[in-house]
Amino acid sequence: MLTKPLHGWTDFSLEGTSSYGLSYLDDIAFEWVEQAIHGLETLLPFCVKGFLEPGRLICNVSYWNCYIIIESDERYPLQKENIAYIYSHTSMLEFCKYLYMDISNYIDEWVSFVDYCDDNQEEKRQKLISQIEKLKRLIDEKEEYFDQNHGFL
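Along each chain, numbering runs from 1 in the same order as the chain's sequence is written. With the structure being a predicted model, the display of local features is reserved for residues of pLDDT at least 70 and the display and counting of side-chain atom pairs for 80 or more, all residues being used for whole-chain, interface and lining totals. Think of the side-chain values as coming from all heavy atoms in the structure, minus any hydrogens and water.

Asks: Please clarify how the pattern of salt bridges should be interpreted in this entry.
Replies: One side chain can pair with another of opposite charge once the charged atoms of both are near each other. Only one rule defines a salt bridge in this text: a Lys or Arg side-chain nitrogen within 4 Å of an Asp or Glu carboxyl oxygen. Considering all chains together, one arrives at eight salt bridges under this definition. Across the salt bridge formed by Lys4 and Glu109, the nearest N and O atoms sit 3.8 Å from each other. Remark: Glu109 occurs in helix H3 (residues 107-111) and Lys4 occurs in the segment before strand S1 (9-12); sequence separation between them is 105 residues. We call a residue buried when its accessible area falls under 20% of the maximum for its residue type, exposed when it is over 50%, and partly exposed in between, using a 1.4 Å probe and counting protein chains only. Among the residues examined, Glu109 registers a relative accessible area of 26% and is labelled partly exposed. Linking Glu143 and Lys97 is a salt bridge whose minimum nitrogen-to-oxygen distance equals 2.7 Å. Taken together, the positions of Glu143 in the segment after helix H4 (121-142) and Lys97 in helix H2 (residues 92-105) put the pair 46 residues apart, joining distant regions of the chain. By relative accessible area, Glu143 is classed as partly exposed at 34%. Each helix is a run of DSSP H or I of at least 4 residues and each strand a run of E of at least 2, with the numbering of both proceeding from the N terminus.

Dropping the structure here:
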């Protein structure tokens, strides 16, 4: 879903979608994991975002699907033709599993994804490890809600 960060960029894609280059203007690992944790804790859809430079990607993660919106980051009123809307049959649980794998596989690269010469790299690393461990626990706890016998109202 997310490629290994390189020079402040990562590519994001879901099944059935294109690949979108996201920049370091958003601290994706920390922000997305925080949103995913909240979504699993509450069992409510959540939203993540990233900058395309130019433009913005917004991904609404719902129970059974994800909806991607690509929009301009300008303040003028948008026209229908200025917005791209894409969807993927990727469930909330699948999204969270992919996120967990992609962040945990490249933890050091994600810690330094947004690097403003922080001296607190080890503190930041421990915080991210703690967040992804919490995400993994929630994935395991909430998996039953996404089986064939459950639904959401």
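Asks: Explain the sheet that holds strand S3 (residues 46-51) here, please?
Replies: Strand pairing within a sheet occurs via backbone hydrogen bonds; the two strands may be parallel or antiparallel. By definition, two strands form a pair when at least two bridges between them are found by DSSP. Taken together, the four strands give an open sheet; going across it, the order is S3-S4-S5-S6, and neighbouring strands pair in antiparallel fashion. One side of each edge strand has no neighbouring strand; the edge strands of this open sheet are S3 and strand S6 (84-88). On average, each strand axis in the sheet is tilted by 20° relative to the strand beside it, whichever way the strands run. As paired strands, strand S4 (residues 56-61) and strand S5 (residues 66-71) are joined by six bridges and run antiparallel to one another. The partner of Leu57 across the bridge, within S5, is Ile70. Each of S3, S4 and S5 touches H2; the most contacted strand, S3, lies at about 45° to it. Fitting a line to C-alpha atoms yields each axis, with helices limited to the stretch in contact; the angle taken between N-to-C directions then spans 0 to 180 degrees. Note on contacts: a residue pair is in contact if any heavy atoms of the two residues lie within 4.5 Å.

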